[in-house]
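# Structural overview
Single-letter residue listing:
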Amino acid sequence: MIVYSHSDCLDHQPPGGHPECAARMQAVGQGLEGLSLERREAPPGEEAEVLRCHPQSYLDRMKTPVAPQDCIALDGDTWLSPGSHRAAMRAVGGITAAVDAVLAGEDATAFVAARPPGHHAETARAMGFCLYGTAAIGVKRALDHHGLARVALIDFDVHHGNGSQDLLWDEARCFLAGSQQMPLFPGTGSAEERGAHNQILNLALRPSTDGAHMRRLYEQRILPALSDYRPELLIVSAGFDAHARDPLAQLEWQSEDFAWLGSRLFELSGGRMVSTLEGGYDLPALAASTAAYIGAISALAK
């Protein structure tokens, strides 16, 4: 597996005490220590890749200069600091480089360890800690640049990926499926939200859903649909905040549940899979869950 990351992702600095902090990157790095992985620097993203999903006016707003030691509030929990745009563009560069590498056959799998996350960023609205729709940008890269016909995006973050859904609502070439706790922020993700081409599948999970229940539901709903779709590439929004220790939600998954998910998703990916980091806010749980997920995928991909 190739892992893309960059120290610029540490420079996104919301106000003190914010759960989406630079220590998350350090926890992921600690979790990956000892695993046999190819590590590459995420290149800076190109603005043309952002414009596959967001308008120029939105990009210009995210590029607003921020004075040193200052922060600009985009909403109640999403902020621009002096290094935020640079960090977000490394996430964009990481996902596009990962898609390119996997489709070129350099490796069967890649993981983008970057922040800020992306799956809440809508077409022209930053929210939920997210600036750019990283995973959706990766989907568009695969479809429009590489000419694929069927790309799947699976999102197992505990919060619904409303941004990815917004950005891909009209995209007939992408199957989008996700599981999320409901009720919970951002309040979207009902089964009735099916997309313009009936290509979106939302799986709502009640608070206290444990890993055993999650596995049964995935085997009943999401995995058969993914198998039937036969993707040419699978992109995964890998959020680890469904862990029982996470402070922002109430699901009860354990690290081994993320390992199971990684294995099953890779088995149905067609042999080409790219994951990108989304949530996960208890640092020890984030480290352990990321290690379990990547370790399980790597073992199968050898």
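Remember, it's a predicted structure, so these values are computed and weren't measured experimentally.

### Considerations on the nonpolar core
The biggest cluster of nonpolar side chains holds 48 residues, and the ones touching the most others in it are Tyr4, Tyr132, Val139, Leu153, Leu233, Ile235 and Val274. Broken down by element, the residue count for this core peaks at eleven residues, all from helix 4 (residues 84-103). Residues in contact with leucine 233, not counting those within four places in the same chain, are Val99, Val102, Leu103, Ala142, Leu148, Arg150, Val151, Ala152, Arg272, Met273 and Val274. Ranked by size, the runner-up nonpolar core spans 46 residues in total, among them Met1, Leu32, Leu223 and Leu268.

### Concerning the layout of surface pockets
What the largest pocket holds in volume is close to 230 Å³. Lining the largest pocket we find 13 residues, and of these Ser5, Met25, Gly29, Arg39 and Ala113 sit closest to its centre. At the level of elements, strand 1 (2-5), helix 1 (23-32) and strand 2 (38-41) are the ones that each hand at least two residues to the lining of the largest pocket. The biggest single contributor to the lining of the largest pocket is helix 1, with five residues. A class-by-class count of the residues in the lining of the largest pocket yields seven nonpolar, three polar and three charged.

### Structural notes on helix 8 (residues 255-267)
The terminal C-alpha atoms of helix 8 lie 19 Å apart, and with 13 residues this matches the ideal 18 Å at 1.5 Å per residue to within 8%. Of all the positions in helix 8, only Ser255, Asp257, Phe258, Ala259, Trp260, Leu261, Gly262, Ser263, Arg264, Leu265 and Phe266 are classed as buried.

### As for the pairing of strand 6 (residues 151-155)
Taking burial as the measure, the five residues of strand 6 include five buried ones, the bulk of the element. What you see with strand 6 is no split at all: Val151, Leu153 and Asp155 on one side and Ala152 and Ile154 on the other are buried throughout. Where strand 6 lies against strand 7 (residues 174-181), five bridges are found, and the strand directions are parallel. The residue of strand 7 that forms the bridge with leucine 153 is leucine 176. In the classification by handedness, the crossover that spans strand 6, the intervening helix 6 (residues 162-168) and the parallel strand 7 is right-handed. Bridging between strand 6 and strand 9 (residues 233-238) involves five bridges; their strand directions are parallel. Within the sheet, the bridge partner assigned to alanine 152 lies in strand 9 and is leucine 234.

### With respect to the packing of aromatic side chains
Scanning the model with the defined rule gives nine aromatic pairs in all. With a centroid separation of 5.5 Å and 35° between ring planes, the pair formed by phenylalanine 175 and tyrosine 229 is classed as tilted. Taken as a pair, phenylalanine 175 in strand 7 and tyrosine 229 in helix 7 (residues 211-229) lie far apart in primary sequence, 54 residues in all. There is no split in this pair, since phenylalanine 175 and tyrosine 229 are both buried.

How each quantity is defined
Residues numbered from 1 in each chain as written. Predicted model: local features only at pLDDT ≥ 70, side-chain atom pairs only at ≥ 80, totals over all residues. Heavy atoms only, no water. Core = buried A, V, L, I, M, F, W, Y, C linked by side-chain atoms within 4.5 Å. Buried < 20%, exposed > 50% of the residue type's maximum accessible area, 1.4 Å probe, protein only. Helix = DSSP H or I, 4+ residues; strand = E, 2+ residues; numbered from the N terminus. Contact = heavy atoms within 4.5 Å. 1 Å grid on protein atoms, 1.4 Å probe; cavity = no way out; pocket = protein on both sides within 12 Å on 5 of 7 lines; lining within 4 Å. Points joined across faces, edges and corners; volume = space filled by probe spheres on them. Nonpolar A, V, L, I, M, F, W, Y, C, P; charged D, E, K, R; others polar. Expected span 1.5 Å × (residues − 1). Pairing = 2+ DSSP bridges. Right-handed = clockwise from strand over helix to strand, strands pointing away. Phe/Tyr/Trp six-rings, centres within 6.5 Å; stacked < 30°, edge-to-face > 60°.

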